[in-house]
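Below are the chains, spelled out letter by letter.
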Number of protein chains: 2
Amino acid sequence: MTHLEKIRYKPISVKKILREMKDISEVMIDLAYSAALFNNADLAREVMELEERVDTLSYLLNMNAMIAARDAGDAEALISILTVAAATNEISDAAADIAKLVLLEIGIHPIVREAFRRIEEQLIRVVVKPGSKLVNKRIGDLDLAAQIGVDIIAIRRVKKWIIDPKDDEVIRENDVLIARGSPMGIEKLRAMAEGKEVVIEE
Amino acid sequence: MTHLEKIRYKPISVKKILREMKDISEVMIDLAYSAALFNNADLAREVMELEERVDTLSYLLNMNAMIAARDAGDAEALISILTVAAATNEISDAAADIAKLVLLEIGIHPIVREAFRRIEEQLIRVVVKPGSKLVNKRIGDLDLAAQIGVDIIAIRRVKKWIIDPKDDEVIRENDVLIARGSPMGIEKLRAMAEGKEVVIEE
């Protein structure tokens, strides 16, 4: 959104790009609905960051597919890949449209909030402060799902996104965590990320 | 897709329409990816049925919003509703684009299947045959999640869709069930729907 640079061709696995586009587009929908439900500009901005990432991936995928196609048979075989990629891109654009409502301060009509209210689990975005106990911890060791009922669904590290991080992923200072959980659980995660003491009830 | 009829204005709760559009569009994404992954035309056809439903809901929502808006202030307040509805419609269209690949027998490239293979839980579509033990049972009483590890995410009853059915929903003859679960669990559900004996291990 904010910076525009020429996207240059890189030879890159089409399978990896497609998987990343699919994973990101699914997270974006949840983020966008949560941004609308809670009128949360931070979440909406993350949606816009992800949309930019999906656009970049889409260009890379299309360039790689064009280079891979040598004849009509190749082109026919590859068309399903481009179609699926275009569909994930459409989903990403739809999520961004919802996020823009929040960022443009158009105001979310109460009916939208009521229609979405069934979402029991909330999403948050928290920045891991330098003093936080989360720093340098493996996600698997933190076991946040069992401890506080919260699931980290994505990490943004400056411009790099890690969707659905694995147990061996190590949290670093200034990571942006996107997490899902009960209202109480996510408040605990927020406190932990901000370096506050958190009492975990047994 | 197959039949076209004029959609007439009905006064209907905008909140209910929006919620249904959101719920359906989310189920459609899962269905479309599963249809592509397993090259399953039955699932793809259900996606197309749902797309038709979302289109109808979209018309009804827009008509109701237009009638509700009396002045510029109303129109501004209502625009977020139309934008969110349009976004769910875009998501629905994207899912339909994927489903069409399966129905047009374009062939799903192996890379698409590999990119999606991480989906451990499969979706199926089964028709409840008249002799099945599922007939006239409450979903809550069947307790399929605990018994065979399967979750019914939608029911289609002729043209009516019940998304995320509640525990007190009663399954009827000829219901089309869309369910999610492990490969073994869904084979058990298929057998139950077809009226075969199923041994549930303790």
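Residues numbered from 1 in each chain as written. Chains lettered and ligands numbered in written order. Predicted model: local features only at pLDDT ≥ 70, side-chain atom pairs only at ≥ 80, totals over all residues. Heavy atoms only, no water.

(A) How the structure looks around the interface of chain B and chain A. Contact residues are listed per partner, giving 39 residues for chain B and 39 residues for chain A. Of the roughly 3,500 Å² buried where chain B meets chain A, counting both sides, 68% is carbon and sulfur surface. Put simply, chain B and chain A have 2 salt bridges between them. The partner of Lys15(B) in a salt bridge is Glu114(A), and the shortest N-O contact between them spans 3.4 Å. When contributions to the side of chain B that touches chain A are tallied by element, the ones reaching two or more residues are helix H1 (14–37), helix H3 (72–103) and helix H4 (110–116) of chain B. For the side of chain B that touches chain A, a count of residues per class yields 21 nonpolar, 6 polar and 12 charged. (Contact = heavy atoms within 4.5 Å. Buried area = accessible area lost by both parts, 1.4 Å probe. Salt bridge = Lys/Arg side-chain N within 4 Å of Asp/Glu carboxyl O. Helix = DSSP H or I, 4+ residues; strand = E, 2+ residues; numbered from the N terminus. Nonpolar A, V, L, I, M, F, W, Y, C, P; charged D, E, K, R; others polar.)

(B) Structural detail: unusual backbone geometry. Look at Asp164(A): it is not a glycine, yet its phi comes out positive at around 50°. One non-glycine residue, Asn174(B), lies in positive phi territory at about 70°. With respect to the secondary-structure elements, Asn174(B) resides in the loop between strand E3 (160–163) and strand E4 (176–181).

(C) Structural detail: the relation of the copies chain B and chain A. Under the fitted operation, chain B is carried onto chain A by 0.0 Å of movement along the axis and a turn of 180°, and the coordinates agree to an RMSD of 0.0 Å. Put plainly, the chains are arranged around a two-fold axis. Nearest to the rotation axis, the C-alpha of Ile91(B) is located 2.5 Å from it, this being the minimum over chain B. Residue by residue, 100% of the interface of chain B is reproduced at the interface of chain A, so both copies engage with the same surface. (Least-squares fit on C-alpha atoms with pLDDT ≥ 70 in both.)

(D) A look at the sheet that holds E4(B). Residues and elements named next belong to chain B. Taken in spatial order, the 4 strands line up as E1-E4-E2-E3 in an open sheet, and their pairing is antiparallel. What marks the edges here is a single partner per strand, and that holds for strand E1 (122–127) and E3. Taken over all neighbouring pairs, the strand axes of this sheet differ in orientation by 20° on average, direction set aside. In terms of strand pairing, strand E2 (residues 150–157) meets E4 through 6 bridges, oriented antiparallel. Counted as the bridge partner of Ala154 is Ile178 from E4. Here helix H2 (residues 41–68) sits on the sheet and contacts E1, E2, E3 and E4; the angle it forms with E1, its principal contact strand, is near 80°. (Pairing = 2+ DSSP bridges. Axes fitted to C-alpha atoms, helices over the stretch in contact; angles between N-to-C directions.)

(E) Representation of the sheet that holds strand E2 (residues 150–157) of chain A in the model. Residues and elements named next belong to chain A. With antiparallel pairing, 4 strands are arranged side by side in an open sheet as E1-E4-E2-E3. Looking along the sheet, the strands with just one partner apiece sit at the ends: strand E1 (122–127) and strand E3 (160–163). Here the average twist between neighbouring strands, direction ignored, is 20°. Two strands pair when backbone bridges link them, and E1 and strand E4 (residues 176–181) are joined in this way by 6 bridges, in the antiparallel orientation. Bridge pairing links Arg125 to Ile178 in E4. Across the sheet, helix H7 (residues 183–193) lies against E1, E2 and E4, angled at about 5° from E1, the strand it touches most.

(F) The arrangement of the domain arrangement of chain A in detail. Residue and element names in this part refer to chain A. The domain boundaries assigned to chain A delineate domain 1 (14–112) and domain 2 (120–193). On a C-alpha basis, the centres of domain 1 and domain 2 stand 23 Å from each other. Taken together, the two surfaces of domain 1 and domain 2 that pack against each other cover about 1,200 Å², and 64% of this comes from carbon and sulfur. It is Val27, Glu46 and Glu49 in domain 1 that bury the most area against domain 2; as a group they hold 35% of the surface buried on that side. At the junction of domain 1 with domain 2, the criterion picks out 4 salt bridges. Linking Glu46 and Arg125 is a salt bridge whose minimum nitrogen-to-oxygen distance equals 2.6 Å. At the surface where domain 1 touches domain 2, the tally comes to 4 residue pairs in polar contact (both at pLDDT 80 or more). Elements supplying a minimum of two residues to the side of domain 1 that touches domain 2: helix H1 (14–37) and helix H2 (41–68). In terms of residue class, the side of domain 1 that touches domain 2 is made up of 6 nonpolar, 1 polar and 6 charged. (Domains from an automatic or database assignment. Polar contact = N/O pair within 3.5 Å; in protein donor to acceptor, adjacent residues only side chain to side chain.)

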